Amino acid sequence: MIRIHEIIDQVHTYLPDVDTTLIEKAYVYSAKVHAGQVRLSGEPYLSHPLEVALILAKMRLDLPSIAAGLLHDTVEDTLATLDEIRELFGQDVAQIVDGVTKLSKIKFHSQIHKQAENIRKMILAMSKDLRVILVKLADRLHNMRTLEYQKEHKRVRIARETLDIYAPLASRLGIDWIKRELEDLSFKYLYPEEYDELLEKVEAKLGQRKAYVEEVKDLIARKMADFGLSCRVLGRPKHLYSIFRKMKMRNLPLDEIYDLIAFRIILKTQKECYEALGIVHSLWKPVPGRFKDYISLPKANMYQSLHTTVIGPYGEKMEIQIRTEEMDKVAREGIAAHWLYKEGTIVTPEKQKQFDWLNQLREWQKELKDPREFLDSVRMDLFPNEVYVFTPQGDVKEFPRGATPIDFAYAIHTEVGHHCMGAKVNGKMVPLKYELQNGDVVEIITSPQHAPSRDWLKIAKTSRALTRIRHWIKTEERERSLNLGKDLVAREFKKHRANFSEFLKEQGEEVAQSLSYKTLNDLLIAVGYGKISPVQVFKKYQRMVAKGEEAVQEEEGAELEELSEDEAKRLAQSAQHGIAIQGIDNIMVHLGKCCTPVPGDDVIGYITRGRGVTVHRSDCTNIKNLDPDRKVEVSWHREPGETYPVRLQVMTSDKKGMLAAVSNAISNGDGNIKEAKVVTTPDQNAMFHFVVEVQDSSHLKKIINGIRRVQGVNWVGRASYA
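Here is what the cut-offs are and how they apply
- Residues numbered from 1 in each chain as written.
- Predicted model: local features only at pLDDT ≥ 70, side-chain atom pairs only at ≥ 80, totals over all residues.
- Heavy atoms only, no water.
- Phe/Tyr/Trp six-rings, centres within 6.5 Å; stacked < 30°, edge-to-face > 60°.
- Buried < 20%, exposed > 50% of the residue type's maximum accessible area, 1.4 Å probe, protein only.
- Helix = DSSP H or I, 4+ residues; strand = E, 2+ residues; numbered from the N terminus.
- Lys NZ or Arg CZ within 6 Å of the ring centre and 35° of its normal.
- Polar contact = N/O pair within 3.5 Å; in protein donor to acceptor, adjacent residues only side chain to side chain.
- Contact = heavy atoms within 4.5 Å.
- Axes fitted to C-alpha atoms, helices over the stretch in contact; angles between N-to-C directions.
- Parallel < 35°, antiparallel > 145°, perpendicular 65-115°, else oblique.
- Nonpolar A, V, L, I, M, F, W, Y, C, P; charged D, E, K, R; others polar.
- Salt bridge = Lys/Arg side-chain N within 4 Å of Asp/Glu carboxyl O.
- Arc of directions from axis to C-beta.
- Patch = residues over 30% accessible without salt bridge, like charges linked within 9 Å, V, L, I, M, F, W, Y side chains within 5 Å.
- Areas by Shrake-Rupley, 256 points an atom, 1.4 Å probe, with all protein chains shown as cover.
- Lys, Arg positive; Asp, Glu negative; His and termini not counted.
- Charge placed at Lys NZ, Arg CZ, Asp CG, Glu CD.
- Core = buried A, V, L, I, M, F, W, Y, C linked by side-chain atoms within 4.5 Å.
- Pairing = 2+ DSSP bridges.

J.: Explain the packing of aromatic side chains to me, please; I cannot follow it from the model alone.
T.: Ring pairs (aromatic) are described by centroid distance and by the angle formed between their planes. Within the structure shown, the criterion is met by 18 aromatic pairs. Judged by centre distance (6.0 Å) and plane angle (40°), the rings of Phe399 and Phe408 are tilted. The buried category is assigned to Phe399, whose relative accessible area is 3%. Both rings, one in Phe503 and one in Tyr541, keep their centres 5.6 Å apart while their planes meet at 85°; by these two values the pair is edge-to-face. Of this pair, Phe503 sits in helix 24 (residues 500-514) while Tyr541 sits in helix 26 (residues 534-574); the two residues are 38 residues apart in sequence, bridging distant segments of the chain. Residue classification places Tyr541 among the buried positions, given a relative accessible area of 9%. One cation-aromatic arrangement involves Lys25 over Phe89; the distance from NZ or CZ to the ring centre is 5.5 Å.

J.: So what exactly am I meant to see when it comes to the side chain of Gln321 here?
T.: Looking at the secondary structure, you find Gln321 in strand 6 (residues 317-324). On the basis of relative accessible area, Gln321 is assigned to the buried category, the value being 5%. A distance of 3.3 Å separates the side chain of Gln321 from the side chain of Arg264, its partner in a polar contact. Look past the residues within four positions of Gln321 in its chain and what remains in contact with it is Arg236, Ala262, Phe263, Arg264, Ile265, Tyr303, Ser305, Leu306 and His307.

J.: Would you mind showing me how to read the packing of helix 20 (residues 405-412) against helix 23 (residues 463-495) here?
T.: Between two packed helices, both the angle of their axes relative to each other and the distance between the axes serve to describe the pair. Contact geometry of helix 20 with helix 23 gives a least axis separation of 8 Å together with a crossing angle of 80°. Classed by the angle they form, the pair helix 20 and helix 23 counts as roughly perpendicular. Each of Ile406, Asp407, Tyr410 and Ala411 in helix 20 lies in contact with helix 23, whose residues at this interface are Arg464, Ala465, Arg468 and Ile469. Residues of the contact of helix 20 with helix 23, tallied by class, amount to five nonpolar, no polar and three charged.

J.: Is there a simple way to think about the pattern of salt bridges in this case?
T.: Two side chains of opposite charge can pair, provided their charged atoms sit close to one another. According to the stated counting rule, one finds 24 salt bridges in the structure shown. Between Lys702 and Asp670 there is a salt bridge; the shortest N-O distance is 3.6 Å. On the criterion of sequence distance, the pair formed by Lys702 in helix 29 (residues 697-708) and Asp670 in the loop between helix 28 (658-668) and strand 19 (672-680) is long-range, its members being 32 residues apart. For Lys702, a relative accessible area of 45% gives the class partly exposed. Connected via shared salt-bridge partners are Asp62, Asp92 and Arg131.

J.: Sorry if this is basic, but what is going on with helix 4 (residues 63-71) here?
T.: It helps to recall that an α-helix has 3.6 residues per turn; residues three or four apart then point in one direction. In terms of residue burial, helix 4 counts as a mostly covered element, since nine of its nine residues are buried. The set of residues buried in helix 4 consists of Leu63, Pro64, Ser65, Ile66, Ala67, Ala68, Gly69, Leu70 and Leu71.

J.: Is there a simple way to think about helix 1 (residues 4-12) in this case?
T.: Within helix 1 the residues assigned to the buried category are Ile4, Ile7, Ile8 and Val11. Along the long axis of helix 1, the arc covered by the buried residues comes to 95°, so they all point the same way. At its buried positions, helix 1 is contacted by helix 2 (21-33), helix 3 (47-58) and helix 4.

J.: When you look at a negative patch on the surface in this model, what are you seeing that I'm missing?
T.: A cluster of acidic side chains, namely Glu193, Asp196, Glu200 and Glu203, defines a negative patch on the protein surface. Considering the arrangement of structural elements, one finds Glu203 in helix 12 (residues 192-208). Owing to a relative accessible area of 52%, Glu203 belongs among the exposed residues under this scheme.

J.: Help me understand the nonpolar core, please; the structure alone is not making it clear to me.
T.: In globular proteins that are soluble, nonpolar side chains generally tend to be buried together. With 72 residues, the main nonpolar core has Ile7, Ile66, Ile85 and Leu198 as its most contacted residues. Among residues more than four places away in sequence, those in contact with Leu198 are Phe187, Leu240, Ile243, Phe244, Met247 and Leu254.

J.: Help me out: how do you make sense of the packing of helix 1 against helix 3 in this one?
T.: One way to put it is that helix 1 packs onto helix 3 with a least axis distance of 9 Å and a crossing angle of 10°. One element, helix 1, and the other, helix 3, form an angle in the roughly parallel class. On helix 3, the residues that touch Ile4, Glu6, Ile7, Gln10 and Val11 of helix 1 are Leu50, Ala53, Leu54, Ala57 and Lys58.

J.: Honestly, the environment of Leu63 in this entry has me stumped. Any pointers?
T.: Turning to its location among the elements, Leu63 is positioned in helix 4. The spacing of Leu63 and Asp19 is 44 residues in sequence and 9.1 Å in space, taken between C-alpha atoms. When sequence neighbours within four positions are dropped, the list of residues in contact with Leu63 reads Val11, Val18, Asp19, Leu22 and Ile23.

J.: So what exactly am I meant to see when it comes to the sheet that holds strand 16 (residues 631-632) here?
T.: Where strands meet in a sheet, backbone hydrogen bonds hold them as pairs that are either parallel or antiparallel. If you trace the four strands from one edge of the open sheet to the other, you get 13-15-14-16, paired in mixed fashion. The strands lining the two open edges of the sheet, one partner per strand, are strand 13 (589-591) and strand 16. In the sheet, strand 14 (residues 603-608) pairs with strand 16 via two bridges, with the strands oriented antiparallel. Across the sheet, Gly605 pairs through a bridge with Val632, a residue of strand 16.

Right, dumping it as structure tokens:
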């Protein structure tokens, strides 16, 4: 376990004369309240806040941040209160601790809901004080370093959240070393076999290339010196997850990933950076389309550098980054390289624009109530913007790669987006699905008669555009569903010769509340969506009229008691395809053919009029753009021995016997092949498409691992189809 003096020594490396009494006092308090607590590893619990504080000191943060690191779990895990922290350590420390503290005492409907609400609170806190997220990142980093002591299902959940939320946050804040370590640790626990295999291969390959790296570094340094440029040249291997991601995106084996090492040239001035770029391009041929100028157009996280890929010695591609010493410091340390926190000043006005993305996140947490939709928007806005385009007035707008004129229109104003009918790019008309390119000048053409289409959800890329489009469609669909629901219930009343107008005026609100809806309109909309039938509404109305309010309450109490006793049994009876839907009985259930979910997958249901509920994997692309009001929480409730079809894709080298070898691996894993197709590719590979029957996700994992062990298999994974 590290000692407090190690943290103080680290602080003195960048704040040599500072009084560290606040840190020492926080250490004593943390040790007292955490006394007797141990971590899953068996270590004293105090080891965790000490490690967090040391990480913060290595990030060169101020004293309140490091004190908060020592205290960050006290309110959640001990009898300490926020008022006590505020009284002993001041408002700054208390505010950071409060921001980091999880919502552990509130009960949530589901894990996804809990995750969303924790992220909401964190975003609100960090929008007031960025130190909150820096402490949270340090906390998550140490938890990831010790994740091996958690149970497997928790390891996977925490690693997935880290990869989706915390690594991108570190990237947005420009703290590259934390981002890299979080990604690699997440990779290790999400894909353990691929991680171990890739680690072994990369280490072997890098061992063979040490001489090559030194040769290139010496060559670059000598060439720069010939032109009078003094520089440092570094050659570092890319981290494992970035290599793995590139292999998956390009469907390439490791042997065909050549730029495992990125070379970095560090100079004194910006002018020298551009001179060095010219020298590199005169020395080696640049690869078209692989040059990026992040000096003149910095990334949103303040990162600046020139990136180029060239055909280097021996005909191998290699990536070269060129930057100044100051740019290199920012690339490594992020926001901590720009300022230390003093007297509560967090972001200076001139730097405020660099945190516009944080204001966007704050806006989403206010507007998006559906937890899955909110988390999707957070994930989308955290990834770096890559495309820079111009308005006709010359203003620069940033967008993610793949953004379209629709995204541009909504970035200007919601009404411009809603009434967008076309776009001109560089003076020429383009389709709305056109992908914006760096330097484009974009002009939006609007018409009052035009309105968003559901097809736009497939075209738009930014969370702002998607949220505005969904909101418009949702409002329109709610209106249509209200009218449809009203019509369906009116027909049911007419069939029984009951007075529907009287129901609307007198009993409607009461019936709605007895069926767990806030208002009559909410009930009628639910009927229109298909969540409840007109027959149920009429029967509830009949009982209410016949027995009076008191009798109805007694009957409902008995019904609720009966539901509590028989809930598990009735859920089992209503389950189809191994799926149970809380609160909805007698409705058809289908498993989505696009993503083929199996027990163990995180799933979500979607109600379709006339077709019941279709169950999708929660990460299925087809479910993301659908109306949140029709999504329902579902759970697995299967009988032993049931099997489920799942689609698999396997990429192998194109050689004799591969189909038989892969088929044998599936059979040896107790999988039953229902379909098999083979497609050969021009690059001497073969792509196999299988539909395999499995029992659950653990069975599927066993089969996939068996396929991976077949010699000649380059990649295997689940397939989804739109």
